[in-house]
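Here are the chains, one letter per residue:
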Amino acid sequence: MRRFKLFAITVMILGAGALAAHAQTGDLSAVHGIPGLAEPVDVYANGSFLFSFEFGDSFGPAPVAIGTYDLEVYYQGAPVPGLSGTVEVEEGGSYTAVAHLNEDGTIAPLSLFVNEVSPIRRWFTRLQIHHLAAAPTVDASIRRGSSRFPILELSGLSNGDQSTATDIRLGRYNIGLLAGDSEVFNTGKLRLRYGSNTAVYAVGVFPESFELVYLPLN
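No experiment lies behind these values; they were computed from the predicted model shown. (Residues numbered from 1 in each chain as written. Predicted model: local features only at pLDDT ≥ 70, side-chain atom pairs only at ≥ 80, totals over all residues. Heavy atoms only, no water.)

Draft legend 1. Up close: the overall build of the protein. On a plain count of helices and strands, the protein comes out with two helices and 17 strands. The proportion of buried residues among the 218 residues of the protein is 45%. Taking contacts inside the protein between residues at least 6 apart in sequence as the whole, the part at least 24 apart equals 62%. Accessible surface computed for the protein: about 10,600 Å², of which carbon and sulfur atoms make up 53%. (Helix = DSSP H or I, 4+ residues; strand = E, 2+ residues; numbered from the N terminus. Buried < 20%, exposed > 50% of the residue type's maximum accessible area, 1.4 Å probe, protein only. Contact = heavy atoms within 4.5 Å. Areas by Shrake-Rupley, 256 points an atom, 1.4 Å probe, with all protein chains shown as cover.)

Draft legend 2. Region of the structure containing the packing of aromatic side chains. Within this structure, the stated rule accounts for eight aromatic pairs. For the pair Y44 and F49, a centre-to-centre distance of 5.6 Å together with 70° between the ring planes defines the contact as edge-to-face. Of the residues examined, Y44 reaches a relative accessible area of 23% and is grouped as partly exposed. For F49, a relative accessible area of 35% puts it in the partly exposed group. Between F206 and F210, the aromatic rings sit 5.5 Å apart at their centres with planes inclined by 85°, giving edge-to-face as the arrangement. Its relative accessible area of 29% is what places F206 among the partly exposed residues. Here the aromatic residues Y44, F49 and Y74 are joined through ring pairs into a cluster of three or more. It is R121 that lies over the ring of F124; its NZ or CZ is 3.9 Å from the centre. (Phe/Tyr/Trp six-rings, centres within 6.5 Å; stacked < 30°, edge-to-face > 60°. Lys NZ or Arg CZ within 6 Å of the ring centre and 35° of its normal.)

Draft legend 3. Region of the structure containing unusual backbone geometry. Of the consecutive residues G60 and P61, the connecting peptide bond is found in the cis state with omega at 0°. With respect to the helices, strands and loops of the structure, P61 is situated in strand 4 (residues 58–65). Across the junction of F206 and P207, the peptide omega takes the value 0°, indicating a cis bond. The residue P207 is located in the loop between strand 16 (197–203) and strand 17 (211–216) in this model. The backbone of Q76 sits at a positive phi, close to 50°, despite the residue not being glycine. Tracing the chain through its elements places Q76 in the loop between strand 5 (67–75) and strand 6 (78–89). With relative accessibility at 52%, the residue Q76 sits in the exposed group.

Draft legend 4. How the structure looks around the sheet that holds strand 2 (residues 41–45). Spatially, four strands are ordered 3-2-5-6 in an open sheet, and the strand pairing comes out antiparallel. A strand with exactly one partner marks an edge of an open sheet, and here the two such strands are strand 3 (48–53) and strand 6. For this sheet, the mean inter-axis angle between neighbouring strands, taken without regard to orientation, is 25°. Note: strand 5 against strand 6, eight bridges, orientation antiparallel. Across the sheet, residue T68 finds its bridge partner in strand 6, namely E88. (Pairing = 2+ DSSP bridges. Axes fitted to C-alpha atoms, helices over the stretch in contact; angles between N-to-C directions.)

Here is the structure:
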C-alpha cells in the first residue's frame, strides 16, 4: 500500500501543472513479470523516478495528467535494454505497462496495453486476460462454480496476447489454462464481484515461477 501511494503521489506530481490547468486525466498501471532478479527494478517516467517493485507486484491504476510519458525500467542503477516505451495518455484512458519474458525465457520488450474501461452491464463483471509468461500457447477455460462445463473458452492465447475484454455474470469462477487437452493451471474458485473490472496477467516461467497477477482496474 505504501508503494502504491508513493507511485500515485509521484505520478500526480509529474502532471500537476496540467491537472491544475485542465483537470483531464487517464489511469496508468504497471506489472512486474520478470522472475529471478536479485533486486527490485526501478521505474522512471519522463526521467523522474516513480517507484521500485519486485516480481509479481502491480501498481495502480493511478491518475495521471493527459500527455506523453516515456517509461524506462532500471536494474541495479542501469536502464534495461528494451524495457522502455512511450504511453500517450488520453482523457479517460486506462493503460498498463508490463515487464515480462518472451516464450523462450528471454526478456521481452516492454508491453503497453490499453485497458477496456467502458461501462459494465448491471449484474456483470469484466475479465481481461494476458499471456505474458515463458510458456507455450494456451487456451483459457472459464467455468462457473463447480461446473465442469465452461461458460467461456478463449482459444490460442500466445505470449504477448491480450484477450478481448469479456463481460460475464458476477459469481465464483475457475479459470483454467490448457495446453492441448491437458489443464496445466487452475486458479481455483475466484470471486468476481458486481461491476468489477479485473485484468489478469500470466507471468514468470512455467512451471517454476509461473504466477497470475490480478489487477483491479476500477
